[in-house]
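Coordinates in review
Chain by chain, the residues run as shown.
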Amino acid sequence: MKLRGLLTLAMAAQVAVTAAALLVSYAVTGPGFGVAQIIALLASGAVAVLIARLCTDTIETAQDKRAAVLLAEQAQSSAQMTQAVIKTALDAFVQTDANGIILEWSLQAEALTGWTRKEALGTDVVNLLIAEPLRDGFRQRMMRLLPELSHAPIGIRFEATLRHREGDEILIAASSTTLQLGGRTVINNFIKDVTRTHAAEEQLIQAQKMEAVGQLTGGIAHEFNNMLTVITGTIEILADAVKDNPPLATITKLISEAADRGAALTSSLLSFARKQALRPADIDVNELLEELAKLLLATFGKKIEILRRLDGTIWLAFADRGQLSAALLNLAINARDAMPEGGRLTLTTRNVVFGVREAVSVGAGYAGDYVEIQIADTGTGIPQAILERVFDPFFSTKEVGKGTGLGLSMVFGFVKQSGGGIKVDSAEGSGTTFTIYLPKAETSVLRPTGYDERKIVGGKETILCVEDDRDVRHYVTVQLESLGYKVIPATNANDALAIAAQGTPFDLLFTDIVMAGALNGRELADQMVTARPSLRVLFTSGYAHDAPHGPGHATMGAPLLTKPYRKAELARMLRRSLDTAVDPAGDPIPTPYSVQAELESFLRKQEADSDGTTRSRQ
């Protein structure tokens, strides 16, 4: 009954009771106001109090019922909202009691673990999600965290490794809070899969570590290459001078071979540091692996079986052919060393298309098309404890004296510098598989016309030689003059700019890339070519950290002579730079730099101005 109706009924009852009491008193005593009337009024008041009490009780009961209904509606609405949040959350929701028995299991939990809600409810969460050897330790950890969780209003966060229904491991990050319901403790857990995130973080840490070591390695290799340039060049002069003296000729040959080994070592260091000068081109990796297989068959012996599983529709890869050959040979030799009693080496190729996550997981440069090359052996394998260190420089599992520890570092550096990725899978006693991913070639690269490397051809042109290392500058000057060239030496970019500003004519700028001062060699060449488009340029460098072929550079396409180099290489690259009539894009190259062109232009302008003045006077 509504409140207004109840009050109206109470008032009507009170009026009726009062009237009845007065009528009875008048009937007994007659007219007038006496004791009977007072008793009637007191009885009426008592009835009024009773009616008021009844009304109050009725109103309170109605209000309690209404509040209960409202609370029930709110609880139902809250429960529905909670269920909606759980169902639409990105993270999985798992609710357990204090003993770890599962009370709630969301759809996201099903997707994350592979276990359905029906299978999960009522089971022990530790038995369901934790591998058996780790269960006791996990329970102890949870028991220690439970008191802390009960006193933490915002809950706690932790990471753990769960087991998927199919047996795979999942690295998760969980946020847990406690709730008291009906006298018991309930634990709510929101769980997020961070397996890929963790892998990406490890890739970043590895890349930062490699970059830091690479910076140091590249700088050391650069200085070594400067020294080796002088050694390998001057030993040729000595060898020519003592060729009629067999004992001395033998000594010079030993020095030359030692210098070559030093150059090979610095080349490996630069490959690891990703500062090697690469010459990428379109490569048929199947053809390359066929050549490698023939070489391995001739050298490995019959104890090792070589299998080829090459995709007949493989794409062309875009990489440096020589560096790729060296990398694959290095991996094959490591595989041989891991199979001293014989085994099977499998070479595999296939095309792969990576999304962002897949590219990140293998350390590739970007999402897209890649050529996969896999080298798998059945050897001793690599222990898990050192698997993450195999690409570190100077780390080796071989005995002392049987490896430098640079082979895999070189492979890693080459692949990363090529814009690809590399991964290793191994289990001790079950063999090792190295997988390389190289970018798919988009367009063919035109190769410049080659020269006969056996023939040393000089010239009579003038060369501006810019080199900040005194010994290298002196050596290069001697070699250039021995080839017939006129040489203008400069110690740095400022000296070179001052020489050009004086109008001194020269045909080619031969400059080191890495130099002390405000400008490096590339910036010097860009500035000179911008002012004098006809200038020919030849770069040289101990490493290609400041590559001369970046987009937008005025000197894009200029050749690079890597240090250390011998006289024949220097002569060949000079003639290539001076004799080439077109650039790599096929466009005509202007005549060599000389002030003569500017002088003739000035004279023509002066003559035109003079003719104009004469006509105006007529």
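Model, not experiment: these values are computed from the prediction.

Things to note about the overall build of the protein chain
Counting its secondary structure elements, the protein chain contains 18 helices and 17 strands. Residues classed as buried in the protein chain amount to 39% of the 618 residues present. In the protein chain, 66% of the contacts between residues at least 6 apart in sequence involve partners at least 24 apart. Surface exposure of the protein chain reaches about 34,700 Å², of which carbon and sulfur atoms provide 58%.

Considering the sheet that holds strand β9 (residues 343-354)
Taken in spatial order, the five strands of this open sheet run β7-β9-β10-β12-β11, and their pairing is mixed. Since the sheet does not close on itself, it has two edges, and those belong to β7 (304-309) and β11 (421-426), each with one partner. Here the average twist between neighbouring strands, direction ignored, is 15°. Both β9 and strand β10 (residues 368-377) contribute to a ladder of ten bridges, which runs antiparallel. Bridge pairing in β10 places Asn-351 opposite Val-371.

Re the nonpolar core
Generally speaking, a soluble globular protein has its nonpolar side chains buried in company with each other. Residues Val-285, Leu-324, Leu-328, Leu-345, Ile-373, Val-411 and Ile-436 are the most contacted members of the largest nonpolar core, which totals 39 residues. Considering each element in turn, this core owes the most residues, seven residues, to helix α9 (residues 285-300). In contact with Leu-324, not counting residues within four places along its chain, are Ile-283, Val-285, Leu-288, Ile-373, Phe-414 and Leu-438. In terms of nonpolar packing, the next biggest core, distinct from the first, is built from 22 residues, Ile-488, Ala-496, Phe-506 and Leu-524 among them.

As for the packing of aromatic side chains
Tallied over the entire structure, the rule returns three aromatic pairs. Note on Phe-93 and Phe-190: the rings are 5.1 Å apart at their centroids and 50° apart in plane angle, and the pair reads as tilted. Pair noted here: Phe-93 is in strand β1 (residues 92-97) and Phe-190 is in strand β5 (residues 184-193), with a separation of 97 residues, a long-range link. The structure contains a cluster of three or more aromatic residues connected by ring pairs, namely Phe-354, Tyr-370 and Tyr-437. Note that Lys-440 overlies the ring of Trp-315, its terminal NZ or CZ placed 4.5 Å from the centroid.

Quick notes on helix α14 (residues 470-482)
Helix length check: α14 (13 residues) gives 18 Å between terminal C-alpha atoms against 18 Å at 1.5 Å per residue, within 8%. Looking at α14, one finds that the buried residues are Val-472, Arg-473, Tyr-475, Val-476, Thr-477, Gln-479 and Leu-480. Its side-chain oxygen at 3.1 Å from the backbone nitrogen of Asp-471, Asp-469 defines the N-terminal cap of α14.

A closer look at the environment of Asp-377
Mapped onto the elements of the fold, Asp-377 is located in strand β10. Relative accessible area serves as the criterion here: at 10%, Asp-377 is assigned to the buried category. Spatially, the C-alpha atoms of Asp-377 and Arg-336 are 8.0 Å apart, while their sequence positions differ by 41 residues. Other than its neighbours up to four places away in sequence, Asp-377 contacts Ala-335, Met-339, Arg-344, Leu-345, Gly-431 and Thr-432. A polar atom in the side chain of Asp-377 sits 2.8 Å from the backbone nitrogen of Gly-379.

A word on the pattern of salt bridges
Applying the stated rule across the entire model yields 13 salt bridges. Of the charged contacts, one joins Arg-139 and Asp-124 as a salt bridge, the two residues approaching to 3.2 Å between their closest N and O atoms. Here Asp-124 lies in the loop between α4 (117-120) and α5 (125-129) and Arg-139 lies in helix α6 (residues 135-150), a separation of 15 residues in the sequence. Look at Asp-124 and you get buried, because its relative accessible area is 18%. A salt bridge links Lys-563 to Glu-467, with the nearest nitrogen and oxygen atoms 3.0 Å apart. Taken as a pair, Lys-563 in the loop between β17 (560-562) and α17 (567-579) and Glu-467 in the loop between β13 (462-466) and α14 lie far apart in primary sequence, 96 residues in all. Lys-563 gets classed as buried once you look at its relative accessible area, which sits at 5%. The network of salt bridges with common partners includes Glu-467, Asp-512 and Lys-563.

Some details on α17
With 13 residues, α17 extends 18 Å between its outermost C-alpha atoms, agreeing within 8% with the 18 Å of an ideal straight helix rising 1.5 Å per residue. On the buried face of α17, the contacting elements are β13, α14, β15 (508-512), β16 (536-541) and β17.

Some remarks on the packing of helix α15 (residues 493-501) against helix α16 (residues 521-531)
Their axes nearest at 10 Å, the elements α15 and α16 cross at an angle of 15°. As the angle between them shows, α15 and α16 are arranged roughly parallel. Seen along the crossing, α15 lies across α16 with a hand that is right-handed. The segment α15 lies against α16, with Ala-493, Ala-496, Leu-497 and Ala-500 engaging Leu-524, Gln-527 and Met-528. For the contact of α15 with α16, the per-class residue count stands at six nonpolar, one polar and no charged.

Points about the packing of α9 against helix α10 (residues 321-337)
At a minimum axis separation of 11 Å, α9 and α10 run at an interaxial angle of 40°. In this view, α9 runs oblique relative to α10, as classed from their interaxial angle. Remark: the crossing between α9 and α10 carries right-handed chirality. Seen from α9, the contacting residues are Val-285, Glu-287, Leu-288, Leu-289, Glu-291, Leu-292, Leu-295, Leu-296 and Phe-300; seen from α10, they are Arg-321, Leu-324, Ser-325, Leu-328, Leu-329, Ala-332, Ile-333 and Arg-336. The residue makeup of the contact of α9 with α10, split by class, is twelve nonpolar, one polar and four charged.

Observations regarding the confidence of the model for the protein chain
Considering every residue of the protein chain, the mean pLDDT works out to 75; 69% of them sit at 70 or more. Considering only residues more than four positions removed or in separate chains, one finds that residues 398-406, a stretch of pLDDT under 50, has 14 contacts. For residues 443-454, every residue scores under 50 in pLDDT, and the model assigns this stretch 17 contacts once sequence neighbours within four places are set aside.

A look at empty space enclosed by the protein
Applying the stated criterion across every chain yields a total of one cavity of 30 Å³ or more. Here the largest cavity is characterised by a volume of approximately 40 Å³. Along the walls of the largest cavity sit Cys-465, Val-466, Glu-467, Val-476, Phe-510, Thr-511, Asp-512, Thr-540 and Tyr-565, which together make up its complete lining. Those elements giving two or more residues to the lining of the largest cavity turn out to be β13 and β15. The element contributing the most residues to the lining of the largest cavity is β15, with three residues.

Observations regarding a nonpolar patch on the surface
The grouping of Phe-224, Met-227, Ile-231, Leu-248, Ile-251 and Ile-255 at the surface amounts to a nonpolar patch, some 520 Å² of accessible area in total. Mapped by element, the contributors of at least two residues to the nonpolar patch are α7 (195-241) and α8 (246-273). With respect to the helices, strands and loops of the structure, Ile-255 is situated in helix α8. For Ile-255, a relative accessible area of 38% gives the class partly exposed.

So, how was this worked out
- Residues numbered from 1 in each chain as written.
- Predicted model: local features only at pLDDT ≥ 70, side-chain atom pairs only at ≥ 80, totals over all residues.
- Heavy atoms only, no water.
- Helix = DSSP H or I, 4+ residues; strand = E, 2+ residues; numbered from the N terminus.
- Buried < 20%, exposed > 50% of the residue type's maximum accessible area, 1.4 Å probe, protein only.
- Contact = heavy atoms within 4.5 Å.
- Areas by Shrake-Rupley, 256 points an atom, 1.4 Å probe, with all protein chains shown as cover.
- Pairing = 2+ DSSP bridges.
- Axes fitted to C-alpha atoms, helices over the stretch in contact; angles between N-to-C directions.
- Core = buried A, V, L, I, M, F, W, Y, C linked by side-chain atoms within 4.5 Å.
- Phe/Tyr/Trp six-rings, centres within 6.5 Å; stacked < 30°, edge-to-face > 60°.
- Lys NZ or Arg CZ within 6 Å of the ring centre and 35° of its normal.
- Expected span 1.5 Å × (residues − 1).
- Polar contact = N/O pair within 3.5 Å; in protein donor to acceptor, adjacent residues only side chain to side chain.
- Salt bridge = Lys/Arg side-chain N within 4 Å of Asp/Glu carboxyl O.
- Parallel < 35°, antiparallel > 145°, perpendicular 65-115°, else oblique.
- Left-handed = near helix turned anticlockwise from the far one by under 90°.
- Nonpolar A, V, L, I, M, F, W, Y, C, P; charged D, E, K, R; others polar.
- pLDDT = per-residue confidence, 0-100.
- 1 Å grid on protein atoms, 1.4 Å probe; cavity = no way out; pocket = protein on both sides within 12 Å on 5 of 7 lines; lining within 4 Å.
- Points joined across faces, edges and corners; volume = space filled by probe spheres on them.
- Patch = residues over 30% accessible without salt bridge, like charges linked within 9 Å, V, L, I, M, F, W, Y side chains within 5 Å.

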